[in-house]
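Next come the chains, spelled out residue by residue.
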Amino acid sequence: MIADSAVAGKIVSGAPVSSVSYERLEDIQGVLRFNGEEIASNSSTAVLGHPALALKWLVDELAQHGHTLKKGMYVSSGTFVSPRKLERGYYTASYEGIGEVALEVI
């Protein structure tokens, strides 16, 4: 998964990516565009310093309540940028060296 809308409980996913190392996830540049214009950007370091640390936090928090992650679950490690109010138009989120997803709001 590359982008999510946790507030709305929805996700936009792209093609699976394999062989992404822990080190590679450490500093990915993410860019959000609306109708081709950059509206936000940030680094994966904005997610608790490293996205894997956010996942570890989730696993630990679930364990405290007797829950676990199950194979096949989609998990978001957090967001690179603050949520935006959706407007009609075309959004793309690109992540350096990883991929891109798009969403058209009609």
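Draft legend 1. View of the overall build of the protein. Looking only at helices and strands, the protein features two helices and six strands. Put simply, the protein runs from its N terminus to its C terminus through helices and strands in the order β-β-α-β-β-α-β-β. Here the C-alpha coordinates of the protein stretch approximately 45 × 30 × 25 Å along the principal axes. Across the 106 residues in the protein, those meeting the buried criterion constitute 24%.

Draft legend 2. Region of interest: the nonpolar core. Counting residues in each nonpolar core, the largest one holds 14 residues, and the members touching the most others are Ile28, Leu32, Phe80, Val81, Tyr91, Ala93 and Tyr95. Looking at this core, the elements with two or more residues in it are strand E3 (29–34), strand E5 (89–95) and strand E6 (99–105). The greatest single-element share of this core, amounting to three residues, is contributed by E5. Not counting chain neighbours up to four residues away, the residues in contact with Tyr91 comprise Leu32, Arg33, Phe34, Ile39, Lys85, Leu86, Val101, Ala102, Leu103 and Val105.

Draft legend 3. Summary view of a negative patch on the surface. Taken together, Glu23, Glu26, Asp27 and Glu96 make up a surface patch of like negative charges. With respect to the helices and strands, Glu23 occurs in helix H1 (residues 22–25). Of the residues examined, Glu23 reaches a relative accessible area of 56% and is grouped as exposed.

Draft legend 4. Molecular detail of the pairing of E5. Across the seven residues of E5, six count as buried, placing the element largely inside the fold. Where E3 lies against E5, five bridges are found, and the strand directions are antiparallel. Following the sheet pairing, Gly30 is matched in E5 by Tyr95. Taking the residues that link successive antiparallel strands as the turn, the E5-E6 hairpin has three residues, and the phi of Gly97 there is positive, at about 75°.

Draft legend 5. Just the environment of His65, in detail. Mapped onto the secondary structure, His65 falls in the loop between helix H2 (51–64) and E5. Among the polar contacts listed, one links the side chain of His65 to the side chain of Glu61, at a separation of 3.4 Å.

Draft legend 6. Here's a closer look at unusual backbone geometry. Even without glycine at this site, Asn35 takes up a positive phi of about 50°. Residue placement: Asn35 occurs in the loop between E3 and strand E4 (37–43). At Leu48, a position not held by glycine, the phi torsion is positive, near 50°. Relative to the helices and strands, Leu48 resides in the loop between E4 and H2. Look at Leu48 and you get exposed, because its relative accessible area is 57%.

Calculation notes
Residues numbered from 1 in each chain as written. Predicted model: local features only at pLDDT ≥ 70, side-chain atom pairs only at ≥ 80, totals over all residues. Heavy atoms only, no water. Helix = DSSP H or I, 4+ residues; strand = E, 2+ residues; numbered from the N terminus. Buried < 20%, exposed > 50% of the residue type's maximum accessible area, 1.4 Å probe, protein only. Core = buried A, V, L, I, M, F, W, Y, C linked by side-chain atoms within 4.5 Å. Contact = heavy atoms within 4.5 Å. Patch = residues over 30% accessible without salt bridge, like charges linked within 9 Å, V, L, I, M, F, W, Y side chains within 5 Å. Areas by Shrake-Rupley, 256 points an atom, 1.4 Å probe, with all protein chains shown as cover. Salt bridge = Lys/Arg side-chain N within 4 Å of Asp/Glu carboxyl O. Lys, Arg positive; Asp, Glu negative; His and termini not counted. Charge placed at Lys NZ, Arg CZ, Asp CG, Glu CD. Pairing = 2+ DSSP bridges. Polar contact = N/O pair within 3.5 Å; in protein donor to acceptor, adjacent residues only side chain to side chain.

These figures capture arrangement, not role.
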